[in-house]
Amino acid sequence: MIGVANGRRVGITGLGVHVPERVLTNEELSTLVDTSDEWIMSRTGIRERRIAAEDEALTDIARPAAIAALERASLEPKDIDLLVCATVTPDMMFPTSSAILADELGAPDAAAYDLLAGCTGFVYAIAQAYSMVAAGLSQRALVVGGDVLSKILDWTDRSTLVLFGDGAGAVVLEHVDDGGFLGFELGADGGGGRHLWLPGSGSRRFDDQESFVKMNGREVFKFATRVMIYSAEKLLDECGRTVEDVDVYVPHQANVRIIDYATKKLGFPEEKVVVNVDRYGNTSSGSIPLALADAEKDGMLKPGALVLMTGMGAGLTWGSALIEWTDEVRRQ
Ligand SMILES: CC(C)(COP(=O)(O)OP(=O)(O)OC[C@H]1O[C@@H](n2cnc3c(N)ncnc32)[C@H](O)[C@@H]1OP(=O)(O)O)[C@@H](O)C(=O)NCCC(=O)NCCS
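**Quick word on the site of the ligand**
Residues in contact with the ligand amount to 22 residues; listed here are only the nearest, T35, R43, G217, R218 and N255. Contact with the protein chains hides 74% of the accessible area of the ligand, taken as 970 Å² for the molecule alone. Among the secondary structure elements, those contributing two or more residues to the shell around the ligand are α2 (37-44), α6 (158-161), α7 (217-238), α8 (256-266) and β13 (306-313). For the shell around the ligand, the element with the highest residue contribution is α7, accounting for four residues.

This is the structure we're talking about:
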């Protein structure tokens, strides 16, 4: 799916993030499984990640991010009429984490649902929220992207354990006077789904009902490097923009080698690229909002800046969003 904005300006007016307190370093991981800081750094660029506490679930890390995003937008929770939560690690299948969050935050008028699109979930969710706001069905949407993948990892499997971390982010989408989203490109390839999957997590029975993330790293690497380029180029072209026009490139933070490959192939200078995978690992749906927050902290998200986000992950799925950053909110 690909599309450009329909003329109504919808932008991001608030951004908040949250990660669990506990830091898990590569050194500590190497006491749990047969790995080393040298192996992890050279293959992934990850130095440490955050891990949720035993009693911490998705909504516990998403709630502070949502509150921060609403504060940044100078909104009360009750002002939100749509809450989409992108995650593959909801507190439970139902009630949805979005419904739990809407209740806890105090957004009784919000439609609330969870969205499953692997690590691309946040990009899918902002495309959905954009569409509802642009169509006039929603006035103000809160999009949460977050995961606690530590809860679904096999802690004896070094090939997946070292890659992931926990974290969440949230953004408010509403009408703006300047800038806003220019377009989205989203795709899926279920045929490759078994290269990154969670068998036994749903209604299909498997002989081995243990439900942990399983991954064919090499196949996912090949897929990731392909779609990161394809999706970005296709969207820029559709929006009549070029790589040179982009001020900030926010790739999904899966692996520094994938980011480096995409950056070079697309032709972005390093200073335009946001990288924080070294500190957080791959936080799935939390990855892009966490990177946006770092870009904001570093002064990269100036009003008028053209920001390209591209995600990819389980499904297999991918997606890009192009937005002209704004701080001009339009409220009646
Ligand atoms: C996972 C990944 C880092 C592995 O790197 P790689 O260069 O492909 O490594 P390989 O899978 O070929 O494994 C090489 C060796 O390292 C070993 N190995 C795997 N994980 C290891 C670890 N954490 N520590 C030490 N050795 C490890 C393997 O067992 C293998 O050993 P062998 O040759 O004796 O069989 C890489 O494939 C990758 O980044 N894939 C994309 C994953 C991803 O981003 N997923 C999420 C997408 S949203």
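Next, the rest of the story.
**A short note on the sheet that holds strand β12 (residues 248-251)**
Taken in spatial order, the five strands line up as β1-β9-β14-β13-β12 in an open sheet, and their pairing is mixed. Looking at strand neighbours, the two that pair on one side only are β1 (2-4) and β12, the edges of this open sheet. Within this sheet the neighbouring strands show an average axis-to-axis angle of 10°, counted without direction. The pairing of strand β9 (residues 180-188) with strand β14 (residues 317-324) spans eight bridges and is classified as antiparallel. Across the sheet, residue G183 finds its bridge partner in β14, namely L322. Docked against the sheet, helix α5 (residues 121-135) engages β9, β13 and β14, running at close to 125° with respect to β9. Set on the sheet, α7 makes contact with β1, β9, β12, β13 and β14; between it and β14 the angle comes to about 35°.

**Looking at the packing of aromatic side chains**
Enumeration according to the criterion identifies seven aromatic pairs in this entry. Plain terms: the ring middles of Y130 and F181 are 6.0 Å apart, the flat faces sit at 70° to each other, and that makes the pair edge-to-face. Pair noted here: Y130 is in helix α5 and F181 is in strand β9, with a separation of 51 residues, a long-range link. A single burial state applies to Y130 and to F181, both of which are buried. One aromatic cluster is present, built from ring pairs that chain together Y130, F181 and F184.

**A look at the sheet that holds strand β8 (residues 166-175)**
In space, the five strands of this open sheet follow the order β2-β8-β7-β5-β6, with mixed pairing throughout. Each end of this open sheet is capped by a strand with a single partner; those strands are β2 (10-18) and β6 (111-115). Ignoring strand direction, the axes of neighbouring strands in this sheet form an average angle of 15°. Relative to β8, β2 runs antiparallel, the two sharing eight bridges. When the sheet's bridge partners are listed, V10 is paired in β8 with H175. With respect to the sheet, α5 is in contact with β2, β5 (82-86), β6, β7 (140-148) and β8, its orientation differing from that of β8 by roughly 20°.

**A look at the pattern of salt bridges**
Per the counting criterion, the structure on display carries 10 salt bridges. In this structure, R158 and D34 form a salt bridge, with 3.6 Å as the shortest nitrogen-oxygen distance. With R158 in helix α6 and D34 in the loop between α1 (26-29) and α2, the pair connects residues that are 124 residues apart, well separated along the chain. Taking relative accessible area as the criterion, R158 reaches 48% and is therefore assigned partly exposed. The class for D34 is exposed, based on a relative accessible area of 61%. Taken together, the shared-partner salt bridges connect D60, R63 and E104 into one network.

**Thoughts on the side chain of S231**
Residue position: S231 is located in helix α7. Within polar-contact distance, the side chain of S231 engages the side chain of E185 at 2.7 Å. What S231 contacts, discounting residues up to four positions off in sequence, is E185, T310, W318, G319 and S320.

Basis of the calculations
Residues numbered from 1 in each chain as written. Predicted model: local features only at pLDDT ≥ 70, side-chain atom pairs only at ≥ 80, totals over all residues. Heavy atoms only, no water. Near = heavy atom within 4 Å. Areas by Shrake-Rupley, 256 points an atom, 1.4 Å probe, with all protein chains shown as cover. Helix = DSSP H or I, 4+ residues; strand = E, 2+ residues; numbered from the N terminus. Pairing = 2+ DSSP bridges. Axes fitted to C-alpha atoms, helices over the stretch in contact; angles between N-to-C directions. Contact = heavy atoms within 4.5 Å. Phe/Tyr/Trp six-rings, centres within 6.5 Å; stacked < 30°, edge-to-face > 60°. Buried < 20%, exposed > 50% of the residue type's maximum accessible area, 1.4 Å probe, protein only. Salt bridge = Lys/Arg side-chain N within 4 Å of Asp/Glu carboxyl O. Polar contact = N/O pair within 3.5 Å; in protein donor to acceptor, adjacent residues only side chain to side chain.

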